Amino acid sequence: MAAAGKAAPLPSRDGDLGGGFLGARLPAAVGAMARSLRQLDRDTFRRLLAVTVSALEGNDCKDSVQRIAENADLSEQQLAVLISGMYTLLREALRLPLPTFKQEVFKEDLKDLRIPDDFIADFASIVFGNRRPVLEATTLKQANSLPRVKDFQWRVDVAISTSSLARALQPSILMLLKLSNGEAHRFEVPVAKFQELRYNIALILKEMNDLEKRSVLKIQD
Amino acid sequence: MFLFLCSVRKAVSLINGTDMGKFPRLLSRILQKLHLKAESNFSEEEEEKLQAAFSLEKQDLHLVLETISFILEQAVYHNLKPATLQQQLESIHLDQDKAEAFASAWAAAGQDTIEKFRQRILAPQKLETVGWQLNLQMAQSAQAKLKSPQAVLELGVSDEDSKNLKKVFVEFSHQELYEFYNKLETIQAQLDSLT
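Keep in mind the model is a prediction, meaning the values are calculated, not measured. (Residues numbered from 1 in each chain as written. Chains lettered and ligands numbered in written order. Predicted model: local features only at pLDDT ≥ 70, side-chain atom pairs only at ≥ 80, totals over all residues. Heavy atoms only, no water.)

With that settled, the discussion passes to the overall build of chain A. Check the secondary structure of chain A and you find eight helices and three strands. Listing each helix as α and each strand as β along chain A from the N terminus yields α-α-α-α-α-α-α-β-β-β-α. Buried positions account for 41% of the 221 residues belonging to chain A. For chain A, the accessible surface area stands at approximately 12,400 Å², while carbon and sulfur atoms represent 51% of it. (Helix = DSSP H or I, 4+ residues; strand = E, 2+ residues; numbered from the N terminus. Buried < 20%, exposed > 50% of the residue type's maximum accessible area, 1.4 Å probe, protein only. Areas by Shrake-Rupley, 256 points an atom, 1.4 Å probe, with all protein chains shown as cover.)

Below is the structure:
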């Protein structure tokens, strides 16, 4: 992240070496796309951009790409280069949170890649426009994490009598935990273990509160 | 109470014949392991030592051990008082010193044994361990500059059949953890209303 957040771009920067929001080394896909963009007309570009945005939202775009390939005068290879480059560029731009990522810096970086100005405007309208929350929601859904709790059901039972005790009167808790990866775990929790679980969760919450107040979170981006 | 066991008479005479010196220790040993679900309380070596100590054949020893276990399990089931237990044992012609040994072993460790039976859980899967980790997520492949706290809970669930601990990992954000905690509080309120 060399220039994102800084006022002036670095002095001697060559478009091929990268820099700016795309990182220290320019992704090859973006570089190749930038070079092919100069020969493209605005209409085809706009259609390709629409397909890329649709792909970012998680839709299947095979048909649309087919249609563009038939109408425009592009070989399969050129199409691949353009779409992969645009996809990578937009995805990297969408990673950066809005408050710290300024539109001017984005446009400057794209200018350094020698992308035509009106194409830059189109890119910027995607990244900073009102389509962004939808795109962000999709990326969050695809995010990788350990399984999360999707559903939590429980019941409290009291065992009145068992085969080993005529009068037991012992409470117990049965839990059903459904996770986001589809697993379901049904297990019984002895009362003592339940207290331990409750204590630990309260402890984690307290630590989270402390963490969120600490100055490590006030690191300047 | 114990009369319906046909082999009781043989067992009683065997028990009456055992050496009084080692008898109380045998009782408390059986009492200790009574609540465990294992089939046999004693290993092969221990059984051989017992055979020698009480000069009993293998079959007779088994009968004695099973009868003692059964007597104690009945005491647990009915929550007998030591005096009642002694009375019942004497009524099936157990010698007084042996009956007294039963009564004193029961008086010493009876309540603990009952408590252990109470805690026994019949469900196939049981929560054994709780572990956790608090992480501060700085970034991921889809998003940079995050700084969001994430908690990972590791629940050790034991399986009745396979007897090994299955580790279940669950991740929580602050909000999710707070909601989970509120549900636990509801459960606790229910438990409190029982007492």
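The subject of this paragraph is the overall build of chain B. Helix and strand content of chain B: seven helices and three strands. In sequence order, the secondary structure elements of chain B are arranged as α-α-α-α-α-α-β-β-β-α. The C-alpha atoms of chain B give 26 Å as radius of gyration, which overshoots the globular expectation for 195 residues (16 Å, by more than 25%). In terms of principal-axis extent, the alpha carbons of chain B reach across some 80 × 40 × 25 Å. Expressed as a percentage of its 195 residues, the buried residues of chain B come to 44%. (Rg over C-alpha atoms; globule rule 2.2 N^0.38 Å.)

Taken together, the contacts link 55 residues of chain B with 59 residues of chain A. In total, about 5,500 Å² of surface goes out of reach between chain B and chain A, with carbon and sulfur atoms giving 68% of it. Three residues, Tyr77, Trp132 and Lys145 of chain B, lead the burial of chain B against chain A; their summed loss comes to 12% of the area buried on that side. Put simply, chain B and chain A have three salt bridges between them. Of the charged contacts, one joins Arg198 of chain A and Glu185 of chain B as a salt bridge, the two residues approaching to 2.3 Å between their closest N and O atoms. With 15 residues, the top contributor of residues to the side of chain B that touches chain A is helix H7 (residues 174-194) of chain B. A class-by-class count of the residues in the side of chain B that touches chain A yields 32 nonpolar, twelve polar and eleven charged. (Contact = heavy atoms within 4.5 Å. Buried area = accessible area lost by both parts, 1.4 Å probe. Salt bridge = Lys/Arg side-chain N within 4 Å of Asp/Glu carboxyl O. Nonpolar A, V, L, I, M, F, W, Y, C, P; charged D, E, K, R; others polar.)

Turning to the nonpolar core, a few remarks are in order. Of all hydrophobic cores here, the largest spans 41 residues; its most connected members are Phe21, Met33, Leu37, Phe106, Leu110, Ile115 and Phe123 of chain A. The element contributing the most residues to this core is helix H4 (residues 76-95) of chain A, with eight residues. Here Ile115 of chain A is in contact with Met33, Ala34, Leu37, Leu110, Ile120 and Phe123 of chain A, once residues within four sequence places are set aside. Within the second largest apolar cluster, 38 residues are counted, among which are Leu50, Phe54, Leu65 and Leu94 of chain B. (Core = buried A, V, L, I, M, F, W, Y, C linked by side-chain atoms within 4.5 Å.)

Residue and element names in this part refer to chain A. Interhelical geometry of helix H2 (residues 42-56) versus helix H6 (residues 117-128) gives an angle of 20° and a closest axis separation of 11 Å. Relative to H6, H2 is oriented roughly parallel. Handedness of the H2/H6 crossing: right-handed. Contact residues: Arg42, Phe45, Arg46, Leu49 and Val53 in H2; Asp118, Phe119, Asp122, Phe123 and Ile126 in H6. (Axes fitted to C-alpha atoms, helices over the stretch in contact; angles between N-to-C directions. Parallel < 35°, antiparallel > 145°, perpendicular 65-115°, else oblique. Left-handed = near helix turned anticlockwise from the far one by under 90°.)

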